[in-house]
Amino acid sequence: MAVEVSRPLANFPPALWDYDAMASLSSNASGLESYTKQVEELKVQVKDMLMASFTNDPAEKVKLIDTLCRLGVSYHFEIEIEEQMNQSFCLVNSKAFGDNDYDLSIVALLFRVFRQHGYKMSSDVFDKFKDNNGNFKSSLSIDVKSMLSLLEGAHLSMHGEEFLDEAIAYARTNLMSMASQCSPHLQKHIANALEQSFHKGIPRIEARKYISFYEKDESHDEMLLKFAKNDFHRLQLLHRQELSDVARWYKGLNVKKNFFYARDRLVETYMWSVSVYFEPHYARARSFLTKITTLLSFTDDTYDAYGTIEELRPFTEAMQRWDISAIDQVPDNMKFLYKTYLDLYNGLEDELRNEGRSHCVSYVKDAIKRGIMSYQIEAEWFNKGHIPPFEEYFENALISTCYNAMATASLLGMEEIAGTKAFEWIARVPKINRASMMICRLMDDIVSSEQEKQREHVATGIECYMKQYNVLEEEVIKIFKKNITESWKDVNESWIKPTEVPIPIQMPVLNLARVMDVLYKFQDAYSINPGRLRGFVEMLFLEPVPM
């Protein structure tokens, strides 16, 4: 008689999506051709608008660039925008900026946009809006536009700018008190800004929301709006086709049989990849990242919510060898996962060989091996009932987020811009990458703490911290949230020019941090409440923008 094996099953909520329907999604070739034609025609007019003179007023130029960014179409004009931002920054620095008549809403917008483009604009520009006690003047608190702009700009703070942290609280308080007196259109904009800052939001989601807001703004430019809508439709059709392609690959994994214990989240994982980079030329990168992240998610659940210690030890050893000859030592119930890894990465190497980049796959393998070893360490802790000191837990838990592995994998499909130097940079775990990993780990620990009390599980960071420092859970959460804020400052500082690597190489790391701010801000929307992401999925891939 077979001995029943006790497994730490998590009973994750089932998938929300019909993968047969996803696999059959059509890109609508005629529609794609039509939208592409309109985009290309309008693009010429938008470029002319961007390059036109604004009588040397940098604010007008920067406002236009910000509008293009928020509408999600700035990727069409990267070279032109860089040229215009350079000129505008020089103009700002060539005049007595503190003596200009710009109000707080314009100053905060300039501050945010320059910093988002890597220019180190001093936070001293806010000094003229402070009273003798160093607080923002009380007269500013009734200006909705200024409070919205300040709220958005303050999220670009760096270390030593604590007054901007206070500015966030100040602006939030004032906006909440004024919202009820505003028009429904402005109320919705305020509510979105209070829930999700633009800087920390997922670019494609923020673009979709801003298109709707911009359309109702009486001062909107009809040509820009039409351009943004056509471009969103065009990308939506491209993304639908990509989702269809990865859904067919996913169906081939026979998830209900081979990974019945795991999170069934293909659509959400693809959304994660679109959040990292949405531009058309990164189609292959999204495909690679979706497949790699899917296997990482299954592996995480294999260690966390299925495997016994006796099964995981030989599996870990085999993954460190990463060779088909090691498959005999893998437990039968994990052989399919092991072979799927080998098949996927052999395919990636074959695809990149013609570009002379097949060696880059080894960097991803090494990052995944480190992630799997960190899973094994946690499994050993759980097996022994061991609660490690917080610092020991945390260094291992940073790796077990697999955010370093995902950041490394995100470079694979980016073609020649992501050469050996880019992979060597990410392998060193630079400041922006470590900060992204910390944001991931701390936010995950905060939202998963309550859920993981419901089943046997390795100690969370909160439990480790509580035991070591003898403090209450509420106090630990406060400390973790402060550390998340400090990690965002590391991200912001890493963005200031000159950067270690080109901005396109850093962008996926920034966007990975943004994903956590959206998916894990209130609860674990990936593992526990995928329904919270349903609206985002529909917005990005299924529902057309009203023309």
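Residues numbered from 1 in each chain as written. Predicted model: local features only at pLDDT ≥ 70, side-chain atom pairs only at ≥ 80, totals over all residues. Heavy atoms only, no water.

What follows concerns the overall build of the protein chain. When helices and strands are tallied, the protein chain shows 24 helices and zero strands. Expected size for 547 residues packed as a compact globule is a radius of gyration near 24 Å; at 24 Å, the protein chain falls within 12% of this value. Based on the C-alpha atoms only, the size of the protein chain along its principal axes is roughly 85 × 60 × 45 Å. Here the protein chain holds 547 residues, and the buried ones make up 58% of them. Long-range contacts, defined here as pairs at least 24 residues apart, represent 74% of the contacts in the protein chain between residues at least 6 apart. Accessible surface for the protein chain amounts to roughly 23400 Å². Of this, 52% is attributable to carbon and sulfur atoms. (Helix = DSSP H or I, 4+ residues; strand = E, 2+ residues; numbered from the N terminus. Rg over C-alpha atoms; globule rule 2.2 N^0.38 Å. Buried < 20%, exposed > 50% of the residue type's maximum accessible area, 1.4 Å probe, protein only. Contact = heavy atoms within 4.5 Å. Areas by Shrake-Rupley, 256 points an atom, 1.4 Å probe, with all protein chains shown as cover.)

The next subject is the nonpolar core. If you look at the biggest cluster of nonpolar residues, it comprises 186 residues, and the most contacted ones within it are Phe126 and Trp272. Leave out the neighbours within four places in its chain, and tryptophan 272 touches Tyr403, Met406, Leu512, Val515, Met516, Leu519, Tyr520 and Tyr526. (Core = buried A, V, L, I, M, F, W, Y, C linked by side-chain atoms within 4.5 Å.)

A few words on the packing of helix α2 (residues 29–51) against helix α3 (residues 58–70). Helix packing for two helices is described by the angle between their axes and how far apart those axes are. α3 packs onto α2 with a crossing angle of 150 degrees between their chain directions and a minimal axis gap of 10 Å. In terms of their interaxial angle, α2 and α3 are classed as roughly antiparallel. Touching Val46, Met49, Leu50 and Met51 of α2 are Lys61, Leu64, Ile65 and Leu68, all from α3. Residues that form the contact of α2 with α3 fall into these classes: seven nonpolar, no polar and one charged. (Axes fitted to C-alpha atoms, helices over the stretch in contact; angles between N-to-C directions. Parallel < 35°, antiparallel > 145°, perpendicular 65-115°, else oblique. Nonpolar A, V, L, I, M, F, W, Y, C, P; charged D, E, K, R; others polar.)

Moving on, we get to the packing of aromatic side chains. This structure, assessed with the given rule, holds 36 aromatic pairs. Taking the centre distance of 6.2 Å and the plane angle of 85 degrees together, the rings of tyrosine 465 and phenylalanine 480 count as edge-to-face. Here tyrosine 465 is found in helix α21 (residues 461–469), whereas its partner phenylalanine 480 is found in helix α22 (residues 473–494), with 15 residues between them in sequence. The burial state of tyrosine 465 is the same as that of phenylalanine 480; both residues are buried. The structure contains a cluster of three or more aromatic residues connected by ring pairs, namely Tyr19, Tyr250, Phe259, Phe260, Tyr261, Phe298, Tyr306 and Phe336. Cation over ring: arginine 70 sits above phenylalanine 198, and NZ or CZ is 4.4 Å from the ring centre. A cation sits over an aromatic face here: lysine 130 above phenylalanine 163, 3.6 Å from the ring centre. (Phe/Tyr/Trp six-rings, centres within 6.5 Å; stacked < 30°, edge-to-face > 60°. Lys NZ or Arg CZ within 6 Å of the ring centre and 35° of its normal.)

Along the chain, the position of phenylalanine 390 falls in helix α17 (residues 390–400). Separated by 305 residues in the primary sequence, phenylalanine 390 and methionine 85 place their C-alpha atoms 44 Å from one another. Beyond its immediate sequence surroundings of up to four residues, phenylalanine 390 is in contact with Gly461, Cys464, Tyr465, Gln468, Tyr469 and Phe480.

A cis amide bond, omega -5 degrees, links lysine 497 with the succeeding residue proline 498. Take proline 498: it is sitting in the loop between α22 and α23 (503–519). A positive phi is found at asparagine 11, a non-glycine position, where the angle reads about 50 degrees. For asparagine 11, the location among the structural elements is in the segment before α1 (19–23). Despite not being glycine, cysteine 402 has its phi angle at roughly 60 degrees, a positive value. Summarising the element assignment, cysteine 402 is placed in the loop between α17 and α18 (403–409).

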